Amino acid sequence: MADLLDTPVTALNGVAGKRAALLKRLGISSWLDLMTWYPRAFEDWSSATPIDQLQDGIDQTFTAALSGKVQSHRKGRLTITRAVFRDESAAIRAVWFNQPWVADKLKADQSYRLFGRVKRRDGEFSIQSPSLEVVEADSKGKIRPIYPTTEGLSQGVLRSLILPLLQKVMTNIPEPLPFWVRKKHHLCAIDYAIARIHQPESLDEVEIARNRLVFEELFLLQSGLYLLRRARQNSQIGIPIHLSAALHSRVMQTEAQLPFQLTAAQVAAIAAIRRDLQTDRPMNRLIQGDVGSGKTVIAALAMLEVALSGHQAVMMAPTAILANQHQQTLEKLLAGSGEPVALLTGATPAAKRREILKGLADNTIRLLVGTHAVIEDKVELPQLALTITDEQHRFGVRQRIRLSRSEHEKTVTPHVLVMSATPIPRTLALILYGDLDMTLIDQLPAGREPIKTYTARSGDRERVENLIRKQVAEGRQIYVVCPMIEEQESVDLESAVQTYNRLAQDVFPDLSVGLIHGGLKSSVKDQIMLAFNAGELSILVSTTVIEVGVDNPNASLMMIENAERFGLAQLHQLRGRIGRGPHKSICILMSDTDDELARERLRTLCQTTDGFVLAQKDLELRGPGDFFGTRQHGLPDLRLANLYRDREVLVAAQETAQELFLRDPDLTEPEHLAMARALIRRFGETFQQIQL
Ligand code: ADP
Ligand code: MG
């Protein structure tokens, strides 16, 4: 049965040693892997231009048969090779200079594919030194698959492995899609799809095959995510958080004393969290809100609720700077609630650390903020009921799972809240967070002045510096962001250190300028951030260490050096450090690049501050990988599906997956057995990993 497809590729003739290693590098180890190694593109030979349609003076490809003899002769030190090729429409003369081996390659009546610049004079065609390739007589289809490959493994080798194997296993390929699913979405059968994707007769066939395979890929994915979510919901017991009327009114009081009025989106997010916290199922919720949308206060109120009920809550931040800042913010927001907020980072002195650990162990400290590295390691939280991960995009999906399960108390699972500013379009979120509930904060606090973004070149530097001076005179603060810490081989890169020296000594000797970068000790970084937040520094030169979460509402201008070196998402995150208060904010993207794609990115950034629009745009410009750092996310590796192009299929696949489990919750019906097997094949490891 399906087992035949588990046969290792090394069982094939000619696959051993180096070739086996190369295949392995591609992730191909079984026959099934080879069968599902889908082409990335197709060469369409059927529509090759007839010779009489070739145009003068441009590079073209055409197919023609060698006609007559090849002539090769020497003229002094020059070897000249001549041949004539012909198709049904016309003939073309070809000539090569000093390429005597061409003559050996050419065989009478054999068809070749030629590529080169064609000359057309008075209805006569000629071509000089074309490159050429044999068209195999037995290549049945005129559509030829081009496989993704790696150096040392040619298309020819891949084809020579895939095509014969196809004949051999064709009837053994199991059909995972239930018949009703195929019928509903008009999808062809698996054997047809696999055969046609590797050996199509026309591009229409490719399309039919691809449609089906893309659906299958996304359907399996969505079904797997559904199972993960269900298993979680069924197997885990949460800690219901209930507050007495008196305690509840203390929460309300704290809320009323906040320094601002919550936005409707914030109110809705908090309400959703409170509902989750009250049930005995562990919450698993993602709060997604663009930079500056006010996620911290939501975390603060959730944590307070938990602490007042006598349980513990921790918040994890990706950097010490951010952990520090969060601890201060929480203390401020929760002042008056009577709950202290402890901070644990790598910089926490040993004595202080011991004191905090003791307080946590005896539950006198119920609120903790820290970097995740510190929190994970032997911190005892006997009453832990809520973990919050800020800036989720900085952690991986697996890490999220681990964090939520690494607690002292194993019989119950704490509630989990993750917060992310990464603007993920709905389609991608479905995949990344398919097993999470999602709340969107689609509103910025009122009274924000939109950030104005401009591009500038080196020649504008003086004007930009005047602007900085003016803003500082008005009491505002400035970020200057540089891509690298030290000068590296690319000499044109402005390093943070150099920029700092120039600004502090030459340009603004009269202003207080600070420097922060990843190479500094974390206690030093904290001091610098504190000084900047307290207004003691007017200008902060930095690397991207300030990218995430840093909050100084008085900062109103950001200048980004070599802006073309940053990705769109990163620029958006960086820019989110300004425009966080009532002041008009300006972001200046310094760049001298003339690269069209880079300029397009910078232009896009000038046109919108909406992270979701930017995400969508970036997805269009470059595909999902770059923006989100798919590796960080643990985004499943998709062979054929493209999350942008196939977003409608993704939604259809999700709906159909739901229908599948509604019809047959445990996939025990005979018509669903193959699907169940495919799911185990695809997700078995994942299921084990999280010990469902
Ligand atoms: P992010 O969603 O990026 O984490 P923060 O929670 O850091 O945003 O909030 C950004 C800034 O907006 C902070 O200075 C915060 O005090 C302020 N803020 C949050 N909510 C509101 C609100 N409803 N009205 C006014 N300001 C707010
Ligand atoms: Mg934040």
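Use the structure listed above.
Residues numbered from 1 in each chain as written. Chains lettered and ligands numbered in written order. Predicted model: local features only at pLDDT ≥ 70, side-chain atom pairs only at ≥ 80, totals over all residues. Heavy atoms only, no water.

1. A few points about the packing of aromatic side chains
Point 1. In total, this model carries five aromatic pairs according to the counting rule given.
Point 2. Taking the centre distance of 5.9 Å and the plane angle of 85° together, the rings of phenylalanine 85 and tyrosine 112 count as edge-to-face. Of this pair, phenylalanine 85 sits in strand β3 (residues 78–86) while tyrosine 112 sits in strand β5 (residues 111–121); the two residues are 27 residues apart in sequence, bridging distant segments of the chain. Neither residue differs from the other here; phenylalanine 85 and tyrosine 112 are each classed as buried.
Point 3. Measuring from ring centre to ring centre gives 5.0 Å for tyrosine 479 and phenylalanine 532, while their planes differ by 50°; the resulting arrangement is tilted. Note that tyrosine 479 is positioned in strand β17 (residues 477–481) and phenylalanine 532 in helix α18 (residues 522–533), a separation of 53 residues in sequence.
Point 4. Of the residues examined, tyrosine 479 reaches a relative accessible area of 0% and is grouped as buried.
Point 5. Feature note: the residues Phe85, Trp96 and Tyr112 constitute an aromatic cluster, connected by ring pairs. (Phe/Tyr/Trp six-rings, centres within 6.5 Å; stacked < 30°, edge-to-face > 60°. Helix = DSSP H or I, 4+ residues; strand = E, 2+ residues; numbered from the N terminus. Buried < 20%, exposed > 50% of the residue type's maximum accessible area, 1.4 Å probe, protein only.)

2. Details of the sheet that holds strand β12 (residues 367–371)
Point 1. What the seven strands build is an open sheet, ordered β11-β12-β10-β13-β14-β9-β15; its pairing is parallel. Edge positions in the sheet fall to β11 (341–344) and β15 (437–441), since each has one partner strand and no second. On average, adjacent strands in this sheet sit at an angle of 20° to one another, irrespective of strand direction.
Point 2. As paired strands, strand β9 (residues 284–289) and β15 are joined by five bridges and run parallel to one another. The partner of isoleucine 287 across the bridge, within β15, is threonine 439.
Point 3. Sheet contacts for helix α9 (residues 264–278): β9, β14 (415–420) and β15; angle to β9, the most-contacted strand, approximately 175°. (Pairing = 2+ DSSP bridges. Axes fitted to C-alpha atoms, helices over the stretch in contact; angles between N-to-C directions. Contact = heavy atoms within 4.5 Å.)

3. Comments concerning the site of ligand 1
Point 1. Residues in contact with ligand 1 amount to 17 residues; listed here are only the nearest, Gly292, Lys295, Thr296, Arg448 and Arg580.
Point 2. Separating an oxygen atom of ligand 1 from a backbone N or O atom of glycine 294 is a distance of 3.0 Å.
Point 3. The contact in question runs from an oxygen atom of ligand 1 to an N or O atom on the side chain of threonine 296, over 2.7 Å.
Point 4. Alone, ligand 1 offers 560 Å² of accessible surface; in the complex the protein occludes 86% of this.
Point 5. Considered class by class, the residues forming the shell around ligand 1 number five nonpolar, seven polar and five charged.
Point 6. Taken domain by domain, the shell around ligand 1 gets at least three of its residues from each of domain 3 (245–441) and domain 4 (451–608). (Near = heavy atom within 4 Å. Polar contact = N/O pair within 3.5 Å; in protein donor to acceptor, adjacent residues only side chain to side chain. Areas by Shrake-Rupley, 256 points an atom, 1.4 Å probe, with all protein chains shown as cover. Nonpolar A, V, L, I, M, F, W, Y, C, P; charged D, E, K, R; others polar. Domains from an automatic or database assignment.)

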